[in-house]
Amino acid sequence: MNLSYPPTRADRDLYPALMSIEESENFPRDHKSFVRIDTSLRVYWHTLFDICPDLLTLSGPDGMAIFRPFMAWAARRRLAFDWSFYLWVYVWLQESEFRDRLDRDGLLQTIMGASAARWAILDRSKDCGIVIGCADTSDLVVGWKCHSIRGGRQIELIEPEEALPPPANTFGYFTQPDFELGGFPGWQGLSR
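How each quantity is defined
Residues numbered from 1 in each chain as written. Predicted model: local features only at pLDDT ≥ 70, side-chain atom pairs only at ≥ 80, totals over all residues. Heavy atoms only, no water. 1 Å grid on protein atoms, 1.4 Å probe; cavity = no way out; pocket = protein on both sides within 12 Å on 5 of 7 lines; lining within 4 Å. Points joined across faces, edges and corners; volume = space filled by probe spheres on them. Helix = DSSP H or I, 4+ residues; strand = E, 2+ residues; numbered from the N terminus. Nonpolar A, V, L, I, M, F, W, Y, C, P; charged D, E, K, R; others polar. Pairing = 2+ DSSP bridges. Axes fitted to C-alpha atoms, helices over the stretch in contact; angles between N-to-C directions.

(A) Up close: empty space enclosed by the protein. The full count for this structure, using the stated rule, is one cavity of 30 Å³ or more. Along the walls of the largest cavity sit Asp 38, Leu 41, Arg 42, Trp 45, Met 64, Phe 67 and Arg 68, which together make up its complete lining. Secondary structure elements with two or more residues in the lining of the largest cavity: α3 (32-49) and α5 (64-76). Per-element accounting of the lining of the largest cavity gives the leading share, four residues, to α3. In the lining of the largest cavity, the residues fall into four nonpolar, no polar and three charged.

(B) Expanded view of the sheet that holds strand β4 (residues 171-176). A sheet is described by the order of its strands in space; here four strands give the open sequence β3-β2-β1-β4, paired in antiparallel fashion. Across the chains shown, the open sheet's two edge strands, defined by having one partner strand only, are β3 (154-158) and β4. Strand-to-strand twist in this sheet, taken as the mean axis angle between neighbours without regard to direction, amounts to 20°. Of the strand pairs in this sheet, strand β2 (residues 137-144) and β3 are connected by five bridges, and their pairing is antiparallel.

This is how it looks when you write it as structure tokens:
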């Protein structure tokens, strides 16, 4: 029996370590509490890298050069991991050591598409679609909820004939009340 291991804790006692990558590192890798924390964090790892595998090209095959610093950054800012999860990853990437290695077209479209698809799955409002814009491109990504029994959600890349003003921050969005693109109501900032 190794007495240097911390005692096994109830899940409620692990919440601080779930929110802080640095705290989770205090548990030995073969300890039951570390396994519980790691299992919980892997949901977010798969949410990120299964949908955006190009990020593994930047970070290395285990993704940890991106995943752990991003999660720590997100915890400090108390970000909600809602549909905007991928957009926050891009914001972090722009501030990180990876900034100069970003494929601003391909990765940006993937990130915006992933967030639009997540919105189309998670949003429970009466809105039918979301339009996401970025200060780094005039292209827009539109996500539509499923609106027929045989249909699925749809994600579109749109190059508007007339460019919209850029969002105040890196990303902005607005929603559509029906399944047609309407006017431009102005950008909303990402929630935290």
